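# Survey of secondary and tertiary structure
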Amino acid sequence: MLHFVYSIINFLILAAILVVFGRKAVLSIFRGRRERIGKALDEAEETASRTVSLPEIPEAFSDIVPESAKVEAEAIRAAAEAEVLASQKRTEDTSLSLRREMLADARSRLIDRIVARAAELTAEEPYQSAIRAKEADYAAEIIRRMEITPGDVAYLRHHDQLYVTLTSAHPLPQSIVDAIGARAEAMLSEIGGKPSYWVKEDPSLIGGFRFRVGDTVYDFTVADRLYQLRRDLEGRELRGDEDADALIRDLFEGIASMDGGISEFQLGRVLSVSDGICWMDGLADIMYGEVVEFEGGERGMVLDIESDRIGCVIYGRYERVESGTKVRRVGQIASVPVGESLLGRVVDPLGAALDGKGRIFASERRPIECPAPSIPDRAAVSRPMHTGIRAIDALVPIGKGQRELIIGDRQTGKTSIAVDAIINQKGTGTVCIYVAIGQKDSTVMEIRDRLTKYGAMDYTTIVCAPASASASFQYIAPFAGAAMAEYFMHEGRDALIVYDDLSKHAVAYRELSLLLGRPSGREAYPGDVFYLHARLLERAAQLSPENGGGSVTALPIIETQAGDISAYIPTNVISITDGQIFLDADLFNEGQRPAVNVGLSVSRVGSAAQTKLMKQVSSRLRMDLAQYRELAGFTQFGSDVDAATRRVLESGRRMMAALRQRRFDPLPDWKQALLIFAVSEGLADGVAVEDMEDFGEKLAERLEAKHPRETAWLLAGGKLSNEERGDLRAALEECLSEAGETEAA
Ligand code: ATP
Ligand code: MG
């Protein structure tokens, strides 16, 4: 017993020792960690404080708010005016766009006022002292950051000195000027050059200073900060329904959330401007396709790089760019927002909303020019892309990942086919992009309304570069659309993209090229217009299963003049695509709509995606139609034909009638096959040409109700054996005789 007590006491002593010393050890471990974390945090804070930023812009904006009341009144009046104007014209869309324009006007006046007021406040004390107190820090930061770019090295190869400029709002202390100069000299001598050092004063900078080596600028000025402020405020997109209060609140929020700091960028200068094109110098390291920004906030894209100048297209309002305007690199390749949030929207080629439904929040962007998927990344076209149009699905079938050209004269129903194809994608999970190039605004709005009416807008984006848009907008529109479609393809989904139309796109590109002074070739188009369309259409693809199996199907549209498909642009695009749907103006005028010319239309890969059943019924149709065309050509002038010929002509006419179809009435595959089967079996002989469509619809209805076995065959889409054909024919005859009886009754 005593033994037991001793052992307990021993145990307790041991435990006490462990607790006292162990706790110390554990604590020391934790303390060590805490110290280390603390040190790391301190260090991080130190580096953060080493990146110098400008003093905050004073928040004394309260005294401009009464002023803004005026603006507010103006904005509301403007919107009201727009409303009245619109009600006179009775178009809702004009109302929205006018309202938006007026609000945008009022807003830009308000931004002017805010920026001007900020400039006044920063030009005064105490801001000026605050900024002077930081000058030494800025100089140290410049010395730390200063770099020689490849562009500078290239420049030095041809010149022995590089321009280095220090511009400040006020005279700087000599020590700062010398320190920066010495650093530049040391750096340039390393690569065998020397600086030509200029020190300037420019009161318009308001405060701080700007240092420029070659084309690179390190900017610590208040003027730049205000510029960023303006850009930030202007970048906030307008919603059409915004009222003046919300607008002002939004702008003030913009000021509050603006971050300070300095900017580093490459600078250039506009040499000359003409018709939306400008030539610039400077910008040493610029790349093809890069985005630049002009002083006034306009943006452009580099399209030409020569040894001593850079050619660029200007997006939007180019009247504000003039020779001498400063340009800066933005540091990005031209790109557009992509993703789910663009569906249901009408956007311009830069991805900005045009439908007054507010800003589009896209989480991702894709470059507008993007290499097409490589050969190993692709798979053969094997899945059908139904358009719901009999004449196409039966005779020129399109597969997912195919490029099928729609070609024809003006007003032959080209757009209608594309729109029907989009409508037919409802419920298939296929996303659609309709790119309108050089079309009337009213046409695009009509298409949007149609798509909305048939519930197709939910999965569709319209990219719109109307006829009134600049050539540069029209030029990038299809590329922007392609980028949006590619996003879905890489997500493993299917996309259908319509380019309406590439003739106008070629014209826009010709305009740009001629303005850029490139030599013109056939029909004055530039030599690379083939490459332009080839690289666009190559981006349509069916990806292999390892790459997600997504696809982009492209339906480019080309307008011909008087049916001439051998002109330059049509032949180019015909040779790039995997087939064409040729629409015939004569057929169209005869009432054969859609006016697909069966003889001149082909689909080179799509038949692989057709169901066996459709292949079976349509091959017979194709032969019969060829025979009919031949005979019809011969017998056009003669009235005296023998009975056999008359029979062929009669059934041919009926078959052509079976290919007629109303707009906005896409048909599922099995119903198409059914009608074609019925017609080629002679079951529709008694049907008048104009009743053909209803006949097909009624037949399908009856078959579905009474003969589930035969319907199932059609739905399965497999090849029919002779026996099955006989059964199907019998079933159809039964349906027809029943129909006859009910009608007689
Ligand atoms: P544009 O050259 O002006 O772009 P387009 O070739 O795109 O013309 P659409 O605008 O599609 O032609 O159609 C021209 C006209 O033909 C429209 O008024 C349209 O309603 C009519 N149309 C097109 N397809 C059909 C059809 N299947 N049935 C009846 N009318 C049709
Ligand atoms: Mg059209």
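Structure's up top.
Okay, so let's go over this structure. (Residues numbered from 1 in each chain as written. Chains lettered and ligands numbered in written order. Predicted model: local features only at pLDDT ≥ 70, side-chain atom pairs only at ≥ 80, totals over all residues. Heavy atoms only, no water.)

## Considerations on the site of ligand 1
Near ligand 1, the surroundings consist of 13 residues, among which Gln411, Lys414, Thr415, Ser416 and Arg663 are the closest. Within the side chain of Gln411, one N or O atom sits 2.9 Å away from an oxygen atom of ligand 1. Between Thr415 and ligand 1, the recorded distance is 2.6 Å, taken from a side-chain N or O atom to an oxygen atom. Considering ligand 1 on its own, with 630 Å² of exposed area, one finds that the protein chains cover 72% of that surface. When residues in the shell around ligand 1 are grouped by element, the largest group, 3 residues, is from helix H11 (residues 414-423). In terms of residue class, the shell around ligand 1 is built from 2 nonpolar, 6 polar and 5 charged. (Near = heavy atom within 4 Å. Polar contact = N/O pair within 3.5 Å; in protein donor to acceptor, adjacent residues only side chain to side chain. Areas by Shrake-Rupley, 256 points an atom, 1.4 Å probe, with all protein chains shown as cover. Helix = DSSP H or I, 4+ residues; strand = E, 2+ residues; numbered from the N terminus. Nonpolar A, V, L, I, M, F, W, Y, C, P; charged D, E, K, R; others polar.)

## Here we look at the pattern of salt bridges
Tallied over the entire structure, the rule returns 40 salt bridges. Arg269 is paired through a salt bridge with Asp281; the nearest N and O atoms lie 3.0 Å apart. Of this pair, Arg269 sits in strand E5 (residues 263-274) while Asp281 is found in strand E6 (residues 277-282), placing the two residues 12 residues apart along the sequence. A relative accessible area of 21% places Asp281 in the partly exposed class. Measuring nitrogen to oxygen at the nearest pair gives 3.8 Å for the salt bridge that ties Glu693 to Arg662. Of the two residues, Glu693 sits in helix H21 (residues 692-706) while Arg662 sits in the loop between helix H19 (643-658) and helix H20 (669-680), which places them 31 residues apart along the sequence. (Salt bridge = Lys/Arg side-chain N within 4 Å of Asp/Glu carboxyl O. Buried < 20%, exposed > 50% of the residue type's maximum accessible area, 1.4 Å probe, protein only.)

## Some thoughts on unusual backbone geometry
Cis geometry marks the peptide bond from Asp500 to Asp501; its omega dihedral reads -5 degrees. For Asp501, the position within the fold is in the loop between strand E17 (494-500) and helix H14 (502-515). A positive phi is found at Asp275, a non-glycine position, where the angle reads about 45 degrees. Within the secondary structure, Asp275 is located in the loop between E5 and E6. What makes Asp275 partly exposed here is its relative accessible area of 49%.

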